[in-house]
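Given next are the chains, with one letter for each unit.
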Amino acid sequence: MKREEIVASVKEQMPERRWAHTLGVMETSVLLAERFGEDPVKAELAAILHDVCKYWRVDEQAAIIRDNGLPLDLLDYDKELWHAHAGAWIAKTRYGVEDEEVLDAIRYHTSGRAQMTGLDKVVCLADYMEPGRDFPHVHIIRQEAEHSLEKALLAGFDGTIRFLLDKGKRIYPLTLEARNGLILELD
Ligand code: DGI
Ligand code: FE
Ligand code: FE
Ligand code: FE
């Protein structure tokens, strides 16, 4: 499917404020890709589709995971994690995205994973720091992103992990692996 068709279709599957967020992630992904030597076209495509399933019913998201051999352990963790894996599946099957790097960047944009690719990092970080985002430490993430993809993303995951701890929620192992991996890379 062509870029413009994908854009129009994704837009109509979410409320206006979530589409504004997606536009912010698109813009920020391109900027970060250019800054850190990643492919801006791939980064933008992943950004367009990253939250495509965010507003689907949770039972639909769960069904995509269950029916297509996606990681079943996701279903034992926060529902917020599901749209990323379901989204990668939909990007591939409904929108014809074949590039595995783009699909991975969508798939891991929420949890992260061990040994994230440059493209994974760009999209995940853009999701944290796009201009519409406003949470207490977002300025620290934006500041780190001026010079280090890894430091900025680490600040992002640290904040998410603290948030999950404060809420008494479980932490998906890939998030811990992502954080550990970033620290190793920075050592
Ligand atoms: O879809 P967005 O709102 O743009 O952002 P996202 O896909 O990064 O989702 C972030 C939410 O997911 C955030 O509120 C924290 C929640 N979450 C729940 N469990 C986990 C988790 N995030 C991570 N990284 N790891 C978890 O285990
Ligand atoms: Fe998301
Ligand atoms: Fe995220
Ligand atoms: Fe997002």
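What you see is a predicted model, and the numbers here were worked out from it, not measured in a lab.

Thresholds applied
- Residues numbered from 1 in each chain as written.
- Chains lettered and ligands numbered in written order.
- Predicted model: local features only at pLDDT ≥ 70, side-chain atom pairs only at ≥ 80, totals over all residues.
- Helix = DSSP H or I, 4+ residues; strand = E, 2+ residues; numbered from the N terminus.
- Rg over C-alpha atoms; globule rule 2.2 N^0.38 Å.
- Buried ≥ 20, exposed ≤ 12 C-beta atoms within 10 Å, placed from the backbone.
- Arc of directions from axis to C-beta.
- Contact = placed C-beta atoms within 7 Å.
- UniProt positions renumbered as here; feature names shortened; annotations may be inferred.
- Core = buried A, V, L, I, M, F, W, Y, C linked by C-beta atoms within 7 Å.
- Axes fitted to C-alpha atoms, helices over the stretch in contact; angles between N-to-C directions.
- Parallel < 35°, antiparallel > 145°, perpendicular 65-115°, else oblique.
- Left-handed = near helix turned anticlockwise from the far one by under 90°.
- Nonpolar A, V, L, I, M, F, W, Y, C, P; charged D, E, K, R; others polar.

1. Some words on the overall build of the protein
Inference 1: Of regular secondary structure, the protein possesses ten helices and zero strands.
Inference 2: Written out in order from the N terminus, the α and β elements of the protein read α-α-α-α-α-α-α-α-α-α.
Inference 3: On C-alpha atoms alone, the protein measures out to a radius of gyration of 15 Å, which is about the 16 Å that the 2.2 N^0.38 rule sets for 187 residues.
Inference 4: When the backbone C-alpha atoms are referred to their principal axes, the protein occupies close to 40 × 35 × 30 Å.
Inference 5: When each of the 187 residues of the protein is scored for burial, the buried share is 41%.

2. Some details on helix 4 (residues 58–67)
Inference 1: Residues of helix 4 that are buried: Gln61, Ile64 and Ile65. Buried residues along helix 4 cover an arc of 95 degrees about the axis, so they all sit on one side. Away from its buried face, by an angle of more than 90 degrees, helix 4 presents the exposed residues Asp59, Glu60 and Asp67.
Inference 2: For helix 4, the secondary structure elements touched by its buried residues are helix 5 (82–93).

3. Considerations on the UniProt feature "domain: HD/PDEase" (unreviewed entry) in the protein
Inference 1: In the UniProt entry, the feature "domain: HD/PDEase" (unreviewed entry) is given for residues 14–141.
Inference 2: With 60% helix and 0% strand, residues 14–141 has its two end C-alpha atoms placed 26 Å apart.

4. Topic: the nonpolar core
Inference 1: The biggest cluster of nonpolar side chains holds 50 residues, and the ones touching the most others in it are Ala46, Leu49, Val122, Val123 and Leu125.
Inference 2: Elements that contribute at least two residues to this core include exactly helix 2 (16–36), helix 3 (40–49), helix 4, helix 5, helix 6 (100–107), helix 7 (118–129), helix 9 (149–166) and helix 10 (173–186).
Inference 3: The leading source of residues in this core is helix 7, at eight residues.
Inference 4: Excluding residues that lie within four positions of it along the chain, Ala46 makes contacts with Ser29, Val102, Ala105, Ile106, Leu119 and Val123.

5. Some words on the packing of helix 3 against helix 6
Inference 1: Between helix 3 and helix 6, whose axes approach to 9 Å, the crossing angle comes to 40 degrees. As judged from the angle between their axes, helix 3 and helix 6 are oblique. The interaxial crossing formed by helix 3 with helix 6 has right-handed handedness. Between helix 3 and helix 6, the contacting residues are Lys42, Leu45, Ala46 and Leu49 on the first element and Glu101, Val102, Ala105 and Ile106 on the second.
Inference 2: Here the contact of helix 3 with helix 6 is composed, by residue class, of six nonpolar, no polar and two charged.

6. Here's the deal with the environment of Gly24
Inference 1: Structurally, Gly24 is set in helix 2.
Inference 2: The partly exposed category is assigned to Gly24, around which 18 C-beta atoms lie within 10 Å.
Inference 3: The sequence separation of Gly24 and Ile65 amounts to 41 residues, and the corresponding C-alpha distance is 27 Å.
Inference 4: When near neighbours in sequence (up to four residues on either side) are disregarded, Gly24 contacts Glu130, Pro131 and Gly132.

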